[in-house]
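# Examination of the molecular architecture
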There are 4 protein chains.
Amino acid sequence: MAPADAIIDGGNSFYKDDVRRSTMLKPSGIHYLDVGTSGGVWGLQRGYCLMIGGDQASAQRLDPLFATLAPGPGNIPKTPGRERIKSTAEQGYLYCGPSGTGHFVKMIHNGIEYGLMQAYAEGFDILCGANSDNLPAGLSYNLNLADIAELWRRGSVISSWLLDLAATALASDRQLDGYTGFVQDSGEGRWTIQAALEEGVSAEVLSVALFTRFRSRREHSFAEKVLSAMRKGFGGHIEPPPAVKMKQGL
Amino acid sequence: MAPADAIIDGGNSFYKDDVRRSTMLKPSGIHYLDVGTSGGVWGLQRGYCLMIGGDQASAQRLDPLFATLAPGPGNIPKTPGRERIKSTAEQGYLYCGPSGTGHFVKMIHNGIEYGLMQAYAEGFDILCGANSDNLPAGLSYNLNLADIAELWRRGSVISSWLLDLAATALASDRQLDGYTGFVQDSGEGRWTIQAALEEGVSAEVLSVALFTRFRSRREHSFAEKVLSAMRKGFGGHIEPPPAVKMKQGL
Amino acid sequence: MAPADAIIDGGNSFYKDDVRRSTMLKPSGIHYLDVGTSGGVWGLQRGYCLMIGGDQASAQRLDPLFATLAPGPGNIPKTPGRERIKSTAEQGYLYCGPSGTGHFVKMIHNGIEYGLMQAYAEGFDILCGANSDNLPAGLSYNLNLADIAELWRRGSVISSWLLDLAATALASDRQLDGYTGFVQDSGEGRWTIQAALEEGVSAEVLSVALFTRFRSRREHSFAEKVLSAMRKGFGGHIEPPPAVKMKQGL
Amino acid sequence: MAPADAIIDGGNSFYKDDVRRSTMLKPSGIHYLDVGTSGGVWGLQRGYCLMIGGDQASAQRLDPLFATLAPGPGNIPKTPGRERIKSTAEQGYLYCGPSGTGHFVKMIHNGIEYGLMQAYAEGFDILCGANSDNLPAGLSYNLNLADIAELWRRGSVISSWLLDLAATALASDRQLDGYTGFVQDSGEGRWTIQAALEEGVSAEVLSVALFTRFRSRREHSFAEKVLSAMRKGFGGHIEPPPAVKMKQGL
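This structure is a prediction, so every number in the text was calculated from the model and none was measured.

This brings us to the interface of chain A and chain C. Across the boundary between the two partners, chain A contributes 64 residues, which contact 64 residues of chain C. Regarding the contact of chain A and chain C, the summed buried area is about 5,800 Å², with carbon and sulfur atoms giving 67% of it. On the chain A side of the contact with chain C, Phe222, Met230 and Phe234 of chain A bury the most area, a combined 13% of that side's loss. Linking chain A with chain C are 2 salt bridges, by the criterion used here. In this structure, Asp125 of chain C and Arg218 of chain A form a salt bridge, with 2.9 Å as the shortest nitrogen-oxygen distance. Across the contact surface, chain A and chain C share 9 residue pairs in polar contact (both at pLDDT 80 or more). Secondary structure elements with two or more residues in the side of chain A that touches chain C: α5 (101-129), α7 (161-172), α9 (204-216), α10 (222-235) and α11 (242-248) of chain A. The leading source of residues in the side of chain A that touches chain C is α10 of chain A, at 14 residues.

In structure tokens:
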């Protein structure tokens, strides 16, 4: 590579690595831009937005490239109050600031994503549990989750693209039997919590949303065994074996 | 009122009250439907969806009324997989089940809403805190939250109507200085947690989202004073007075 | 029963039931006291404390009974600052207030218990996980949890009776292999959260501690399946089947 | 310093720094031990336990020193099941493993401490809130927290040294009016969450306990303002000004 060349890291890198790399490349005159993208596998149809960090002049130089990749305003309504604000944000790309900011903003985006997903997930779980044997007759409901998800897409306060996806999944698999419930995470959620810790900012929902994923990947946590051991210790409680569990559990 | 008349409770009532009331009215032949609505003050422009509970025949009889009030399919894309599913959900109204289900489903809707809102709120807080003095130079960012919110409306995974509202608020008040940060709750969030407790379903995010609102309404909690008292007890730590706090806090 | 007789409910009843029952019994002249006890199966050796609610005169009349049952001061050091405070608390029994307070105070005791247990449980889980394959060489540790629990009993800030019980369990079963990790709850934890909701007081730790128990009793939650379904929706992520899970999980 | 000299870091250092430092010192033949201690300002009276990490031979050589500093078995009852276990843990000091383990174990100790403290804090807060105006007459209680804390020291399941400290504080300041409620944290709690994130272990209670401290140090969080802004956006809700807050808040 030659001086004035530009490297674009368009993946989900850790923003501190961007800072390190761009600093390292500076003496060689090579520009380094960190660009977070969001849109998932639907990017081609729906478009995907770009969060750009790095040297501002470099970002400026590559503006035509970003403008081409970005979805443009499409038919998304203009935000009231932005009539006089000049920004490429409405085009679907944004220069966020110095090196690292592109991936930092993308990281927070993913942290939020985990929280949103968990909020829907818990809500549907409670809807599903309305059919629980634990509930008194007359206060137990067998609800059609697929229809409810579809309904909420229509003018409700919680309409969103993630809800659209939930509605799609429920439409063809009403009990979501095709899923084991093992949920992975891709790193940005953890970095988001780490950023919150470093800033001293509370992130209860974002962290708890991540931890439920960790838990989903274990048969049983050691923590749970410690609880059982203590319960036996003070109360003589013997937890039922797994066979019983299947019946008692939800 | 005469037999065969129908009462529609279109507010945010507690679903157990619906069950009680409809049972009470049954002998008199008066029908009682509980109808949750979502759409807020934007209902007139955006439409609002209807969640209906009660006697199915009554709901059937009033179908023209609900069909008229409901937003209809509008220009919202059809959910893949629903091509052969017959349901009024796509019209924006849905018979959910026996008495109480309309408000039960609306209650969960609001519980989810609290979780979604808190996820965005924490994310923006961490973006805002990227400017914190606690961070090392070169890893501290001054981000434009209004532009970021706008950007995320464009093809991102976390696009939603709530995000649209956040973008609108930030467009005209970038630091949200016009808000004190005192946040109320309207009851459904609490009932959602209560339902989770009765079902035995975990609702970490929904409950924590509610508790941050409780906390926002207090100068300081007694819990915090207990923490300070213990810290002084074992470590001799004296917490700084409020004046110092202003400087040290974020 | 005759007027002036007294009923003592010494179980773990719901405090609102106490209020209802004592009100119901009032016209008949029968006294009703709600008495929460804590000490578990070790009560005989360690003593157990008594939390008493109801009519004060009745409680006064039965004072000799409570004084006999209570553990007395034993060799527990006097609390500094209580030299001039007159109270039976140091004897291990306490009149807490009107009907319901005995069980209300016991309920909160159990709520706290859940939180304390979960704090230890998570700590031991992280100690245990220090041996995880996810960690880089040189930063992965194989720790002796039994010895660590024992050590912390010796002058540490987190010494407690619950820790004593954990140390006992770990002494004879270092991996706690004898426990399935299925953890029940007995009701008071749920009521504690309900009380917090009614008061408008934040109870993040107490509620989350309860929810981990709910989760421990399910193979997989529906919430987790919703997460997987959404992840597949936006990212094309296919979660690995359970067989893979065993290897990848902790 | 000369080869074979030993450095003991007896503070609250980050365990990864220990690993780095001991590796750095290795070529020079200087030994480096990381020793976490717990006992607080009461160490002199109550003793304090020692968690030791580093080269085992070095730790062995300094055993007399640790044995002298450690509290010894005192009058703390022997843990059932440890009759045949040989370990210095009962003396109040323990070699935990290679470099970093001493501070790693101490770090987790502090993480647990935060969780325990928050559990008590929330419990007392709910006891305190039983007097709330939000509650119906007859179900509102004015409880004596100082006496309740004292009572729980007597045979209850939640007796602990931290409870002793809470009882001491409440004995002389029943409303804890001497505390502002501004709560600091000293770093180990954050590192504990970071370790959990790296291991992929859930730590809901420990993280939430830390976040309440973060929150206690802010007048209002930006997150709360985002919530208010959204509520105004969809519901037209105008949050009351702070003056009203004082009356409405707890």
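That was the structure; now back to the text.
Attention now moves to the relation of the copies chain A and chain B. For the match of chain A to chain B, the screw axis carries a shift of 0.0 Å, the RMSD comes to 0.0 Å, and the turn is 180°. Taken together, the rotation and translation describe the operation of a two-fold axis. Distance from the rotation axis, computed per C-alpha, reaches its smallest value in chain A at Ser160 of chain A: 2.0 Å. Residue by residue, 100% of the interface of chain A is reproduced at the interface of chain B, so both copies engage with the same surface.

Moving on, we get to the interface of chain A and chain B. At the junction of the two partners, chain A supplies 93 residues and chain B supplies 93 residues. It is Ile126, Arg154 and Val157 of chain A in chain A that bury the most area against chain B; as a group they hold 11% of the surface buried on that side. At the surface where chain A touches chain B, the tally comes to 4 salt bridges. Asp147 of chain A is the salt-bridge partner of Arg82 of chain B, the closest N and O atoms lying 2.7 Å from each other. Counting every contact that joins chain A to chain B gives 36 residue pairs in polar contact (both at pLDDT 80 or more). Secondary-structure elements contributing two or more residues to the side of chain A that touches chain B are α1 (15-25), β3 (49-54), β4 (93-97), α5, α6 (145-152), α7, α8 (188-199) and α9 of chain A.

Residue and element names in this part refer to chain B. With mixed pairing, the 4 strands of this open sheet are ordered in space as β1-β2-β3-β4. With one partner strand each, in any of the chains shown, β1 (6-9) and β4 (93-97) form the two edges of the open sheet. Strand after strand, the sheet turns through a mean of 25° between neighbouring axes, direction not considered. As paired elements, strand β3 (residues 49-53) and β4 share 4 bridges and run parallel to each other. Note that in β4 the partner of Ile52 across the bridge is Tyr95.

This paragraph deals with the relation of the copies chain A and chain C. Note on the copies: chain A fits chain C at an RMSD of 0.0 Å, the axial shift is 0.0 Å, and the rotation between them is 180°. Looking at the interface residues of chain A, 100% of them are also at the interface in chain C, so both copies use one shared face.

Right, let's talk about α8 of chain A for a bit. Residues and elements named next belong to chain A. Its 12 residues give α8 an end-to-end C-alpha distance of 16 Å, which sits within 8% of 16 Å, the value for a rise of 1.5 Å per residue. Buried residues dominate α8, accounting for 10 of its 12 residues. A positive backbone phi angle near 80° is found at Gly200, which sits one or two residues after α8.

Before going further, it helps to examine the pairing of strand β2 (residues 31-38) of chain D. Residues and elements named next belong to chain D. Along β2, 6 of the 8 residues are buried, which leaves the element largely enclosed by surrounding structure. As paired strands, strand β1 (residues 6-9) and β2 are joined by 4 bridges and run parallel to one another. Looking at the pairing, Ile8 lines up with Leu33 of β2. Where β2 lies against strand β3 (residues 49-53), 5 bridges are found, and the strand directions are antiparallel. When the bridges of β3 are listed, Val35 appears paired with Ile52.

Okay, the sheet that holds strand β3 (residues 49-53) of chain C next. Spatial ordering of the open sheet is given by β1-β2-β3-β4 (chain C), a layout of 4 strands whose pairing is mixed. The two strands at the open ends of the sheet, each matched to only one other strand, are β1 (6-9) and β4 (93-97) of chain C. If you compare each strand with its neighbour and ignore which way they point, the axes differ by 25° on average. The sheet contacts of helix α1 (residues 15-25) of chain C involve β1 and β2 (31-38) of chain C, and relative to β2 of chain C the element is tilted by about 155°. The sheet strands contacting helix α6 (residues 145-152) of chain D are β3 and β4 of chain C, and the helix crosses β3 of chain C at an angle near 145°.

Attention now moves to the confidence of the model for chain A. Residues and elements named next belong to chain A. Of the residues in chain A, 96% have a pLDDT of 70 or more, and the chain-wide mean is 93. Taken together, the stretch residues 243-250 has pLDDT below 50 and engages in 18 contacts with residues farther than four places along the chain or on a different chain. Two summary scores accompany this predicted model of the complex, namely pTM at 0.95 and ipTM at 0.95.

Moving on to the packing of aromatic side chains. Applying the stated criterion to the full structure yields 32 aromatic pairs over all chains. Here Phe124 of chain B and Trp152 of chain B contribute two aromatic rings whose centre-to-centre distance is 5.8 Å and whose plane-to-plane angle is 40°, an arrangement assigned as tilted. One end of the pair, Phe124 of chain B, is in helix α5 (residues 101-129); the other, Trp152 of chain B, is in helix α6 (residues 145-152), with 28 residues separating them in the sequence. Trp152 of chain B shares its class with Phe124 of chain B; the two are buried. Between the aromatic rings of Tyr141 of chain C and Phe104 of chain D, the centroid separation amounts to 5.6 Å while the plane-to-plane angle is 65°, which identifies the pairing as edge-to-face. Of this pair, Tyr141 of chain C sits in the loop between α5 (101-129) and α6 (145-152) while Phe104 of chain D is found in helix α5 (residues 101-129), placing the two residues in two different chains. Taking the relative accessible area as the measure of exposure, Tyr141 of chain C reaches 2% and is therefore buried. Look at Phe104 of chain D and you get buried, because its relative accessible area is 2%. Among the aromatic side chains, those forming a connected cluster through ring pairs are Phe14, Tyr15, Phe104 and Trp191 of chain A together with Tyr141 of chain B. When the ring centre of Tyr114 of chain A is taken as reference, the NZ or CZ atom of Arg213 of chain A above it lies at 3.8 Å.

Bringing the environment of Glu90 of chain A into the picture now. Mapped onto the elements of the fold, Glu90 of chain A is located in the loop between α4 (63-69) and β4. Judged by relative accessible area, which is 12%, Glu90 of chain A ranks as buried. Counting along the chain gives 47 residues from Glu90 of chain A to Gly43 of chain A, while the straight-line C-alpha distance between them is 17 Å. Each residue touching Glu90 of chain A, except ones within four places of it in the same chain, is listed here: Gly72, Pro73, Lys78 and Arg82 of chain A together with Glu150 and Arg154 of chain B.

Before going further, it helps to examine the pattern of salt bridges. In this structure the tally under the stated criterion is 56 salt bridges over all chains. Notably, a salt bridge pairs Arg20 of chain B with Asp17 of chain B, separated by 3.1 Å at the nearest N-O pair. Residue Arg20 of chain B and its partner Asp17 of chain B are located together in helix α1 (residues 15-25), separated by 3 residues, close to a single helical turn. Across the pair Glu224 of chain B and Arg215 of chain B runs a salt bridge, and its minimum N-O distance is 2.7 Å. The residues Glu224 of chain B and Arg215 of chain B share a single accessibility class, namely buried. Bridged by salt links that share partners, the residues Lys78, Arg82 and Glu90 of chain A together with Asp147, Glu150, Arg153, Arg154 and Asp164 of chain B form one connected network.

The rules behind the values
- Here the residue numbers are simple positions, counted from 1 along each chain's written sequence.
- Here the convention is simple: chains get letters from A, ligands get numbers from 1, in the order in which they are written.
- Restriction of local features to residues with pLDDT of at least 70 applies here, the model being predicted, together with a cutoff of 80 or more for giving and counting side-chain atom pairs; totals for whole chains, interfaces and linings are based on all residues.
- Heavy atoms throughout the structure, all of them, feed into the side-chain values; hydrogens and water do not.
- We call two residues in contact whenever any of their non-hydrogen atoms come within 4.5 Å of each other.
- What counts as buried area is the accessible surface, traced by a 1.4 Å probe, that two parts surrender upon association, with contributions from both included.
- The salt bridge definition used is simple: a Lys or Arg side-chain nitrogen within 4 Å of an Asp or Glu carboxyl oxygen.
- Side-chain atoms alone can form a polar contact between residues adjacent in sequence; in general such a contact is a pair of N or O atoms within 3.5 Å, and within protein one must be able to donate a hydrogen while the other accepts it.
- Only DSSP runs of H or I covering at least 4 residues are called helices, and only runs of E covering at least 2 are called strands; the numbering of each starts at the N terminus.
- In superposing the copies, a least-squares fit is computed on C-alpha atoms, taking residues whose pLDDT is at least 70 in both.
- Pairing between two strands requires that DSSP report at least two bridges joining them.
- Only the stretch in contact is used when a helix axis is fitted, and all axes are lines through C-alpha atoms; the angle between N-to-C directions ranges over 0 to 180 degrees.
- To estimate how far a helix should extend, the number of its residues minus one is multiplied by 1.5 Å.
- When a residue's accessible area, from a 1.4 Å probe over protein chains only, is under 20% of the maximum for its type it is buried; when over 50% it is exposed; and in between it is partly exposed.
- For every residue, the predictor reports its confidence as pLDDT, a number between 0 and 100.
- Under the pairing criterion, centres of Phe, Tyr and Trp rings, with the six-membered ring standing for Trp, must be within 6.5 Å; the plane angle then separates stacked pairs below 30 degrees from edge-to-face pairs above 60, leaving the rest tilted.
- Definition used: whenever NZ (Lys) or CZ (Arg) falls within 6 Å of the ring centre and also within 35 degrees of the ring normal, the charge is taken to sit over that ring.

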